Amino acid sequence: MKFFRKIRQSFLSDGKTIPYLKYAIGEIVLVVIGILIALTINNWNQSRIKLQEELNYYSNIKRQLLEDTQVISNNINFNQFYYEQYQYAIELIENNDRSNLDSLGIIAVNLLEYSDFHQETNTYQSLVNSGEIKLLNNQEVIEGLQRLEEIYIYINKIEEAHFEIIKIIFPELNKIIRLRSIKVENEDLLFKYQFQNYFIIISDIMREKDEIYNRALDEINAILGLIDKEL
């Protein structure tokens, strides 16, 4: 700065107005260029920081979706296991096959079992509530997360309906089976069509849950594909 100041003073003391003006303009240009370079570097740093934040969110979303995939897959296997039992129970009651009474009693107790994914919150809603969804630039990922949230809400409603039916079944089951020893005490009630209807209703719910679970997996896989491209 002292060097530049001496040059300016030299021009002024020698009465060299035009060279001084040219020099002053040159100095201004240098200052402007310096400012532009500084702004460019700052913008680049900010962009780099935002990109890293975005990539971190994509990584977190991917981790959560992979966890959801595992839980949903377990629920699908869980449903399939009990669904096959219920179909067998329906046939036993339909054919009044009392030779397998003990097996039917065990399956009847299993009506109290149900899969429960029940997401209280999910990634999309968390991002919206925190305002951090603006960090994601891929609109397809955002739309996919929104669709997945709607699927999760539907899953939760089906699970709640399933549980409400179990609450209705339990008193009836209590009249038929001694739960501690799983011993059938009233086989006539067990083989009535009214109790068979419980197996049919629960089976229908489990088929619907299986369909919506698989729809969730399809949406998750689509989102994961988009995220992998971003990463």
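Asker: Got a minute to help me understand the overall build of the protein chain in this structure?
Answerer: From N to C terminus, the protein chain includes seven helices and two strands. Among the 231 residues that make up the protein chain, the fraction classed as buried is 35%. The contacts in the protein chain between residues at least 6 apart in sequence include a share of 81% that link residues at least 24 apart.

Asker: What is the right way to read the nonpolar core from this model?
Answerer: Burial of nonpolar side chains together is a common tendency in soluble globular proteins. Ile72, Leu190, Phe195 and Phe199 are the most contacted members of the largest nonpolar core, which has 56 residues in total. Taken together, the elements giving at least two residues each to this core come down to α2 (17-94), α3 (101-109), α4 (123-130), α5 (139-176) and α7 (193-230). Of all the elements, α7 adds the most residues to this core, at 15 residues.

Asker: Could you clarify how one ought to interpret the side chain of Gln196 in this entry?
Answerer: Mapped onto the elements, Gln196 comes out in helix α7. In this view, Gln196 contacts Ile90, Ile93 and Glu94; residues no more than four positions away in its chain are not counted.

Asker: Mind showing me how you'd approach the confidence of the model for the protein chain here?
Answerer: Regions with low pLDDT should not have their predicted coordinates read in detail. Of the residues in the protein chain, 84% have a pLDDT of 70 or more, and the chain-wide mean is 86. The element-level mean pLDDT for the protein chain is lowest in helix α1 (residues 2-13), coming to 60, with α3 highest at 96.

Asker: Got a minute to help me understand the pattern of salt bridges in this structure?
Answerer: Side chains that differ in charge, positive against negative, can pair when their charged atoms come close. Following the criterion strictly, the structure yields nine salt bridges and no others. As a salt-bridge pair, Asp188 and Arg98 come within 2.9 Å of each other at their nearest N and O atoms. Here the residue Asp188 occupies a position in helix α6 (residues 187-190), and Arg98 occupies one in the loop between α2 and α3, the gap between them amounting to 90 residues. With a relative accessible area of 46%, Asp188 lands in the partly exposed category. Residue Lys167 is joined to Glu164 by a salt bridge in which the shortest nitrogen-to-oxygen separation is 3.3 Å. Taken together, the residues Lys167 and Glu164, both in helix α5 and three residues apart, mark about one turn of the helix. Via salt bridges that share partners, Arg98, Glu187 and Asp188 belong to a single interconnected network.

Asker: What exactly am I supposed to notice about the packing of aromatic side chains here?
Answerer: Two descriptors summarise a pair of aromatic rings, namely the distance from one centre to the other and the angle between the planes of the rings. Tallied over the full model, the rule gives eight aromatic pairs. For the pair Tyr114 and Phe163, a centre-to-centre distance of 5.6 Å together with 40 degrees between the ring planes defines the contact as tilted. Here Tyr114 is found in the loop between α3 and α4, whereas its partner Phe163 is found in helix α5, with 49 residues between them in sequence. We classify Tyr114 as partly exposed; its relative accessible area is 24%.

Asker: Please explain a nonpolar patch on the surface as it appears in this structure.
Answerer: Taken together, the side chains of Ile25, Val29, Leu30, Ile33, Ile37 and Ile41 define a hydrophobic patch exposed on the protein surface, amounting to about 560 Å² of accessible area. Here Ile41 shows up in helix α2. Owing to a relative accessible area of 47%, Ile41 belongs among the partly exposed residues under this scheme.

Asker: What is the right way to look at the environment of Lys62 in this model?
Answerer: Topologically, Lys62 is positioned in helix α2. Assessed through its relative accessible area of 26%, Lys62 is described here as partly exposed. In this structure the C-alpha to C-alpha distance between Lys62 and Asp228, which are 166 residues apart in sequence, comes to 8.5 Å. Filtering out sequence-adjacent residues up to four positions away, Lys62 remains in contact with Leu224, Ile227, Asp228 and Leu231.

The rules behind the values
Residues numbered from 1 in each chain as written. Predicted model: local features only at pLDDT ≥ 70, side-chain atom pairs only at ≥ 80, totals over all residues. Heavy atoms only, no water. Helix = DSSP H or I, 4+ residues; strand = E, 2+ residues; numbered from the N terminus. Buried < 20%, exposed > 50% of the residue type's maximum accessible area, 1.4 Å probe, protein only. Contact = heavy atoms within 4.5 Å. Core = buried A, V, L, I, M, F, W, Y, C linked by side-chain atoms within 4.5 Å. pLDDT = per-residue confidence, 0-100. Salt bridge = Lys/Arg side-chain N within 4 Å of Asp/Glu carboxyl O. Phe/Tyr/Trp six-rings, centres within 6.5 Å; stacked < 30°, edge-to-face > 60°. Patch = residues over 30% accessible without salt bridge, like charges linked within 9 Å, V, L, I, M, F, W, Y side chains within 5 Å. Areas by Shrake-Rupley, 256 points an atom, 1.4 Å probe, with all protein chains shown as cover.

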